[in-house]
Structure formats: C-alpha cells, structure tokens
Amino acid sequence: NRLMVEGGAQVARSFLEAGLVDEFHVIRAAATLGPAGVDALAGLAMDQALLPFGVREQEKLGSDVLTVYEARTN
C-alpha cells in the first residue's frame with residue numbers, strides 16, 4: 001500500500017516527525033528563490049530530516065537534481 005502526501009511544508013513536517021515516511025523525493029533547483037530559498041519542511045532543517053534516510057537514487061533533470069531518499073533499515 002502506498003500513500004502520496006503533497007500538502008505543503010507543515011504536512012510534510014508532521015508526517016516526518018510522526019515517523020510515517022518511508023520514502024521521499026527532493027528536487028533541488030540550480031537557482032534559489034529569494035535570499036533564503038523555500039522552507040519546505042516548516043522550520044525542520046533538511047539535514048535533520050534526512051538522518052533516518054539514505055539516498056536510493058539521484059537523477060539530473062536539466063539543471064535540477066532529483067534525489068530519492070528511503071528509510072534506512074536496521
């Protein structure tokens with residue numbers, strides 16, 4: 001069973017903090033929007049969010065990069 005969640009920064013953060021994410025996709029653009037970029041996880045630092053995940057694959061999409069992360073299994 002799969003569920004795709006796409007509801008904004010607060011919803012993404014809520015699912016991550018609840019431990020309900022087993023995979024997520026991040027597209028990083030070559031350009032930054034605004035002086036600080038976009039807060040995609042409602043104040044949760046991306047490096048903190050990535051701790052329980054490992055990179056499964058990475059793909060270049062023009063000048064952007066798609067990275068697929070999946071939960072590490074112990």
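We now turn to the structure provided with this report. (Residues numbered from 1 in each chain as written. Predicted model: local features only at pLDDT ≥ 70, side-chain atom pairs only at ≥ 80, totals over all residues. Heavy atoms only, no water.)

1. So, the overall build of the protein chain
Next up, step 1: In terms of regular secondary structure, the protein chain is built from 2 helices and 3 strands.
Next up, step 2: The linear arrangement of helices and strands in the protein chain, starting from the amino end, is α-β-α-β-β.
Next up, step 3: Judged by the C-alpha coordinates and their principal axes, the protein chain covers about 35 × 25 × 20 Å.
Next up, step 4: Considering the protein chain as a whole, with its 74 residues, one finds that 19% of them fall into the buried category. (Helix = DSSP H or I, 4+ residues; strand = E, 2+ residues; numbered from the N terminus. Buried < 20%, exposed > 50% of the residue type's maximum accessible area, 1.4 Å probe, protein only.)

2. Regarding the sheet that holds strand S1 (residues 23-28)
Next up, step 1: Pairing is antiparallel in the open sheet, where 3 strands are placed in the order S1-S3-S2. Each edge of the sheet is formed by a strand with only one pairing partner; in this case those strands are S1 and strand S2 (53-61). Taken pair by pair, the neighbouring strands of this sheet meet at an average axis angle of 20°, ignoring direction.
Next up, step 2: As paired elements, S2 and strand S3 (residues 64-71) share 8 bridges and run antiparallel to each other. Counterpart to Gln58 in the pairing with S3 is Thr67. (Pairing = 2+ DSSP bridges. Axes fitted to C-alpha atoms, helices over the stretch in contact; angles between N-to-C directions.)

3. Thoughts on the pairing of S3
Next up, step 1: With 6 bridges connecting them, S1 and S3 associate as antiparallel partners. Residue Val26 lies in a different strand from S3, and its bridge partner there is Thr67.

4. Regarding a nonpolar patch on the surface
Next up, step 1: Residues Leu3, Val5 and Val11 make up a contiguous nonpolar surface patch of about 260 Å² in total accessible area.
Next up, step 2: Along the chain, the position of Val11 falls in helix H1 (residues 9-17). (Patch = residues over 30% accessible without salt bridge, like charges linked within 9 Å, V, L, I, M, F, W, Y side chains within 5 Å. Areas by Shrake-Rupley, 256 points an atom, 1.4 Å probe, with all protein chains shown as cover. Salt bridge = Lys/Arg side-chain N within 4 Å of Asp/Glu carboxyl O.)

As far as function goes, none of this settles anything; it's purely spatial.
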